[in-house]
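# Fold and contact review
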Amino acid sequence: MICPASEQTAALTIDLRAVVENYRLLAARAIDSQIAATIKADAYGLGITQLAPVLAAAGCAFFYVAHLAEGISLRESLNQQGVAPPIAVLHGIAVQDHAVAAAYQLLPVLCDLGAVEAWRRIAAQQNKKLPVIIHLDTGMNRLGLAPADVAALAAQSDSLAGLDVRYWLSHLACADKPEHPLNQQQLSLFKAQLRGLPPAPATMANSGGIFLGSEYHFQQVRPGCALYGINPTPLVGNPMRPVVRLTAPVLQLRQIGAGESVGYGASWRSKRLGKLAVLPVGYADGWLRSLSNRGHVFFGAHAAPIAGRVSMDLLTVDVTDVPDHLCAPGMPAELIGAQQDVDAVASAAGTIGYEILTSLGARYRRVYES
Ligand SMILES: *Cc1c(COP(=O)(O)O)cnc(C)c1O
């Protein structure tokens, strides 16, 4: 894509050093476990081709994606770097794609008994052991073998014939709430299930799970959000380094008279003679429409409230109280950064940091700091 020199677009800066620091912080927390990076959804919107090599260079030797296609592109980008860590596909891999999975060395996460059976058949046909991960549902009720199916698997001695189980996997529903009783329930059930199954390493903790304590760590942990700077411990301060900065230049400054309205639906009305700044960011860029008349952007340390609806490509903010030397056409407003982190934006929007990051649009000028 050709970028004009006078870019009037917003800039998304991704601090790759912070990603590495976050990886190390987590490694120090889960000292006896492997740190597998969960890098699905294009590394939570930040760019898998940029982040995966950096994580691999930092020592990350195992990756989780959600889709087969994500696994293929991750494999291709890691190949270019000359490293070949295991990549597991959380949604599983359809039987008809098993040859693709083998060609790209992708590990399927088997999520029901049907998938276990199907991969056993492929192993028998090929007369070799196939590496797999098996997902045991311990209370999320989303993906994974239900407890009765796990019992059936454990009861039948040849139920895993032909399969090389690399990990028994489970996933926590409430890891960001340490007091939630479901954490302990899921842990107890998972441990009980592991006792009845053929021995293999186990993995349970996402980012939040790492902070629940070492009994949740097993042999591998699977952080996603914490690597990307989202707070994995929302009830206390964020132990992670911020990764993302989003700034947007002022496209236009304009006066607004007392009583005049702003934007679609005329949902905001000025109470005084004031000043507005128009920024080139809208809901098509992932600046969620739910931020209409909520939340702020910053000029230096001065907050400028969002005035009116967020439209597709534009955002209007009230800069009446922002000093002129901080706010002129072309000068940057901070949307995510030192003044407000991803979690603060999410909270203003009524969502979670994950949704803010994975919604970040394709129109930003992306700058990777290394
Ligand atoms: C997304 C996901 C993770 C990572 O979760 P975070 O909360 O982002 O750390 C780990 N395991 C599974 C199964 C997931 O779906």
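The structure reproduced in this document is the subject of the present report. Given the structure is predicted, the values throughout are model-derived calculations rather than measurements.

The subject of this paragraph is the site of the ligand. Close to the ligand lie 13 residues; Lys 40, Tyr 44, Ser 207, Cys 225 and Tyr 354 are nearest. Within the contact set of the ligand, an oxygen atom lies 2.8 Å away from a backbone nitrogen or oxygen of Cys 225. Here the shell around the ligand is built from residues that sort into five nonpolar, five polar and three charged.

Attention now goes to helix 3 (residues 48-57). Those residues of helix 3 not exposed but buried are Ile 48, Leu 51, Ala 52, Pro 53, Leu 55 and Ala 56. Residue Gly 59 follows helix 3 closely and has a positive phi angle near 115°.

In total, this model carries five aromatic pairs according to the counting rule given. Pairing Phe 62 with Tyr 64 gives two aromatic rings, centres 5.2 Å apart and planes at 35°, and the pair type is tilted. Judged by its relative accessible area of 3%, Phe 62 is buried. Here the aromatic rings of Phe 190 and Phe 218 are separated by 5.2 Å at their centres, their planes lie at 75°, and the arrangement is edge-to-face. Of this pair, Phe 190 sits in helix 8 (residues 181-196) while Phe 218 sits in the loop between helix 9 (207-210) and strand 10 (220-221), and the two are 28 residues apart along the sequence. Like Phe 190, the residue Phe 218 is buried in the burial classification. Taken together, Tyr 44, Tyr 228 and Tyr 354 form an aromatic cluster joined through their ring pairs. Stacked on the ring of Tyr 64, the Lys or Arg Arg 222 has its end atom at 5.9 Å from the ring centre.

Here is what the cut-offs are and how they apply
- Residues numbered from 1 in each chain as written.
- Predicted model: local features only at pLDDT ≥ 70, side-chain atom pairs only at ≥ 80, totals over all residues.
- Heavy atoms only, no water.
- Near = heavy atom within 4 Å.
- Polar contact = N/O pair within 3.5 Å; in protein donor to acceptor, adjacent residues only side chain to side chain.
- Nonpolar A, V, L, I, M, F, W, Y, C, P; charged D, E, K, R; others polar.
- Buried < 20%, exposed > 50% of the residue type's maximum accessible area, 1.4 Å probe, protein only.
- Helix = DSSP H or I, 4+ residues; strand = E, 2+ residues; numbered from the N terminus.
- Phe/Tyr/Trp six-rings, centres within 6.5 Å; stacked < 30°, edge-to-face > 60°.
- Lys NZ or Arg CZ within 6 Å of the ring centre and 35° of its normal.

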